[in-house]
Amino acid sequence: PVVLYDGVCNMCNSAVNLALRSDPEAKRLRFAALQSTTGRGLLQFCGRSADDISSMVVVTSDGKYFMKSEAALFVGKELETNPLVKGVSTAASWLLPKGLRDVAYDGIATNRYNVLGKRQEMRTQEDGAGDGAAGRFVPEPPADLWGSFSAAAVA
């Protein structure tokens, strides 16, 4: 799966770092900034506006996608080496109704820049999250592949 995240949000990038540390062999997740060409293309693939950075998105290799709390909990459940995050994500999925989870997600997403601030530059690759991040960020496609890269980026 590819996780689309806000590339300038410090809170979002901290979550990406946690996921990178919890998937040290890069077996579960890949990443792309929502604002990147790849992210914008995948947003459109999911039927969203290319400029919509209101929610993280997870796009799976079979073309399914998850947004808001479902995306966050999907990622949490993929973090095999972090039993606390995996357990909380699994329990929240079972115990809390999606509507309630999404209200909480929206509140955090709306205030994400107030929590930890913004970066000056969009993150599109590993930055200090440790070794082994190569290949975990989906590379930007060549300009001539704009229409055909979305499905290939997820595979």
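Remember, predicted model here, so these are calculated numbers, not experimental data. (Residues numbered from 1 in each chain as written. Predicted model: local features only at pLDDT ≥ 70, side-chain atom pairs only at ≥ 80, totals over all residues. Heavy atoms only, no water.)

Draft legend 1. Inspection of the overall build of the chain at higher detail. Within the chain, the regular secondary structure consists of seven helices and four strands. Element order for the chain, N to C, with α for helix and β for strand: β-α-β-α-β-β-α-α-α-α-α. The buried share of the chain, taken over its 155 residues, is 42%. The long-range share in the chain, meaning contacts at least 24 apart out of those at least 6 apart in sequence, stands at 67%. Surface exposure of the chain reaches about 8,200 Å², of which carbon and sulfur atoms provide 57%. (Helix = DSSP H or I, 4+ residues; strand = E, 2+ residues; numbered from the N terminus. Buried < 20%, exposed > 50% of the residue type's maximum accessible area, 1.4 Å probe, protein only. Contact = heavy atoms within 4.5 Å. Areas by Shrake-Rupley, 256 points an atom, 1.4 Å probe, with all protein chains shown as cover.)

Draft legend 2. Seen up close, the environment of D6. In this structure, D6 sits in the loop between β1 (2-5) and α1 (10-22). Note on D6: relative accessible area 2%, which makes it buried. Placed 50 residues apart in sequence, D6 and M56 show a C-alpha to C-alpha distance of 7.0 Å. With near-sequence residues (within four places) excluded, D6 lies in contact with C12, N13, L34, Q35, I53, R112 and Y113. Polar side-chain contacts of D6 include one of 3.1 Å to the backbone nitrogen of V8. One polar contact links D6 to R112, side chain to side chain, over a distance of 2.9 Å. (Polar contact = N/O pair within 3.5 Å; in protein donor to acceptor, adjacent residues only side chain to side chain.)

Draft legend 3. Layout of the layout of surface pockets. Here the largest pocket defines a volume of roughly 800 Å³. Around the largest pocket sit 32 residues that line it, and A15, M56, A72, L73 and Y105 are the ones nearest its centre. Elements that contribute at least two residues to the lining of the largest pocket include exactly β1, α1, α3 (68-78), α4 (83-95) and α5 (98-110). Looking at side-chain class alone, the lining of the largest pocket contains 24 nonpolar, five polar and three charged residues. (1 Å grid on protein atoms, 1.4 Å probe; cavity = no way out; pocket = protein on both sides within 12 Å on 5 of 7 lines; lining within 4 Å. Points joined across faces, edges and corners; volume = space filled by probe spheres on them. Nonpolar A, V, L, I, M, F, W, Y, C, P; charged D, E, K, R; others polar.)

Draft legend 4. Geometry of helix α2 (residues 37-45). Of all the positions in α2, only T38, G39, G41, L42 and L43 are classed as buried. Count one or two residues on from α2 and you reach G47, which has phi positive near 80°.

Draft legend 5. Spatial organisation of the pairing of β1. Neither face of β1 is left uncovered, since the one carrying V2 and L4 and the one carrying V3 and Y5 both have all their residues buried. Pairing between β1 and strand β2 (residues 30-33): four bridges, direction parallel. From the neighbouring strand, V3 faces β2, where its bridge partner is F31. Handedness of the crossover joining β1 and β2 through α1: right-handed. (Pairing = 2+ DSSP bridges. Right-handed = clockwise from strand over helix to strand, strands pointing away.)

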